[in-house]
Amino acid sequence: MIIAIDGPAGAGKSSVARACAKKLGFKCLDTGAMYRAVAWLAVKEGVALDDDRALGQLADECRIVFEHDAGDPIAKGISINGHDVTEAIRTSEIDKAVSPVSAAASVRHAMTAQQRRIGSGGDYVIEGRDIGTVVFPDAELKIFLTATNEERAHRRVRQNADRGVGSIEYAEVLADIIRRDEADSSRGCAPLKAADDARIIDSTGTYIEDIIENICVLAHMTRAEASERA
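Read on for a plain summary of the structure. Note that this is a predicted model, so its numbers are computed, not measured.

What counts as what
- Residues numbered from 1 in each chain as written.
- Predicted model: local features only at pLDDT ≥ 70, side-chain atom pairs only at ≥ 80, totals over all residues.
- Heavy atoms only, no water.
- Helix = DSSP H or I, 4+ residues; strand = E, 2+ residues; numbered from the N terminus.
- Rg over C-alpha atoms; globule rule 2.2 N^0.38 Å.
- Buried < 20%, exposed > 50% of the residue type's maximum accessible area, 1.4 Å probe, protein only.
- Contact = heavy atoms within 4.5 Å.
- Areas by Shrake-Rupley, 256 points an atom, 1.4 Å probe, with all protein chains shown as cover.
- Salt bridge = Lys/Arg side-chain N within 4 Å of Asp/Glu carboxyl O.
- Expected span 1.5 Å × (residues − 1).
- Lys, Arg positive; Asp, Glu negative; His and termini not counted.
- Polar contact = N/O pair within 3.5 Å; in protein donor to acceptor, adjacent residues only side chain to side chain.
- Pairing = 2+ DSSP bridges.
- Axes fitted to C-alpha atoms, helices over the stretch in contact; angles between N-to-C directions.
- Core = buried A, V, L, I, M, F, W, Y, C linked by side-chain atoms within 4.5 Å.

Structural notes on the overall build of the protein chain
- When its secondary structure is counted, the protein chain shows 9 helices and 8 strands.
- A compact globule built from 230 residues would reach a C-alpha radius of gyration of about 17 Å, and the protein chain, at 17 Å, matches this within 12%.
- Considering only C-alpha atoms, the protein chain reaches an extent of 55 × 40 × 35 Å along its principal axes.
- Looking at the protein chain residue by residue over its 230 residues, the buried ones come to 50%.
- Long-range contacts, defined here as pairs at least 24 residues apart, represent 74% of the contacts in the protein chain between residues at least 6 apart.
- Carbon and sulfur atoms form 50% of the exposed surface of the protein chain, whose accessible area is close to 10,900 Å².

What follows is the structure, given as structure tokens:
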């Protein structure tokens, strides 16, 4: 079973996806981290962020590995070509670089192939921006998780402060979220949008525990309905 959780930056996708995966006994895949890792590698190697061909070659040839503790389906880190980039991909520099990199059709093609390969290996909660629309359009359950710009900016500031990585200036973070939303929603390849059959969940002012419980209930209902049809 695939649970696709899409939505804009700062909506809480990563936290919700990890928690749902643990409650349901699923594996979890953070596709945004994959694009961030490619963006980090492009910056490190001096690849122009508007060079679709060079970015595509980089994405095709790179080796992305999620690090796990024994028996834990939730990744604790990520590396690319042997470099641990768990913290490095969460900086302000990569916040800005990931939008043009993820907009490159060649990069999305390479990452989509990897994501489909990984997701075909069992029950997964997969979060990103085009999971329910492009990567797994036949996912059994699709969620589009959103929140107001202001709410998402406040969350990202707190998150960055807790990690000690990224900007903690509210105005800067808010401006970056608005810029990223525009870039993600207007790109020609796999733009950010809710799938027609996605359930829209607005997390503004809502306890994350309630959102997690809601999605898990929906997952159990979806699986039960599928069993009845079989």
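Still to come is the rest of the account.
Re the pattern of salt bridges
- Overall, the coordinates contain 14 salt bridges when judged by the stated rule.
- In this structure, R129 engages D184 in a salt bridge whose closest nitrogen and oxygen atoms are separated by 2.7 Å. With R129 in the loop between β6 (124-128) and α6 (131-135) and D184 in helix α8 (residues 170-186), the pair connects residues that are 55 residues apart, well separated along the chain.
- The exposure class assigned to R129 is buried, which follows from its relative accessible area of 10%.

What to know about helix α1 (residues 13-24)
- The terminal C-alpha atoms of α1 lie 16 Å apart, and with 12 residues this matches the ideal 16 Å at 1.5 Å per residue to within 8%.
- Each element contacted by the buried residues of α1 is listed here: β1 (2-6), β2 (27-30), β6, β7 (141-146) and α9 (208-229).

Regarding the side chain of T146
- Within the secondary structure, T146 is located in strand β7.
- The class for T146 is buried, based on a relative accessible area of 18%.
- Sequence-distant contacts of T146, defined by excluding residues within four places in its chain, comprise P8, A11, I201, D202, S203 and T204.

Let's talk about the side chain of R156
- Among the structural elements, R156 can be located in helix α7 (residues 149-163).
- Although buried, R156 forms no salt bridge, and the nearest oppositely charged side chain, D95, lies 4.7 Å from it.
- At a separation of 3.0 Å, a polar atom in the side chain of R156 contacts the side chain of Q159.

Focus on the environment of R117
- Counting through the fold element by element, R117 comes out in helix α5 (residues 105-119).
- Distance in space between the C-alpha atoms of R117 and A219 is 22 Å, their sequence separation being 102 residues.

Some details on the sheet that holds strand β5 (residues 83-84)
- An order of β3-β4-β5 is seen for the 3 strands of this open sheet, with the pairing classed as antiparallel. The sheet is open, and its two edges are formed by β3 (64-67) and β5, each paired on a single side.
- Alignment of strand β4 (residues 77-80) against β5, held across 2 bridges, turns out to be antiparallel. Looking at β5, one finds that I80 is bridged to H83.
- Against the sheet, helix α2 (residues 31-45) contacts β3, β4 and β5, and its axis sits at roughly 40° relative to β4.

Focus on the nonpolar core
- Ranked by size, the top nonpolar core spans 37 residues in total, and within it V38, I64, I80, V107 and M111 carry the most contacts.
- Counting residues per element, the ones that place at least two in this core are β1, α2, α3 (52-61), β4, α4 (92-103), α5, β6 and α6.
- No other element matches α2, which puts 9 residues into this core.
- Dropping the residues within four chain positions of it, I64 is found in contact with M34, V38, I78, S79, I80, M111 and Q114.
- Formed by 23 residues, the second largest nonpolar core is a distinct cluster that contains M1, A11, I74 and L145.

Quick look at the pairing of β4
- Side-chain alternation along β4 places G77 and S79 on one buried face and I78 and I80 on a second face that is also buried.
- Of the strand pairs in this sheet, β3 and β4 are connected by 4 bridges, and their pairing is antiparallel. Bridge pairing in β4 links V65 to S79.
- Adjacent in sequence and paired antiparallel, β4 and β5 are bridged by 2 residues, among which N81 carries a positive phi angle near 50°.

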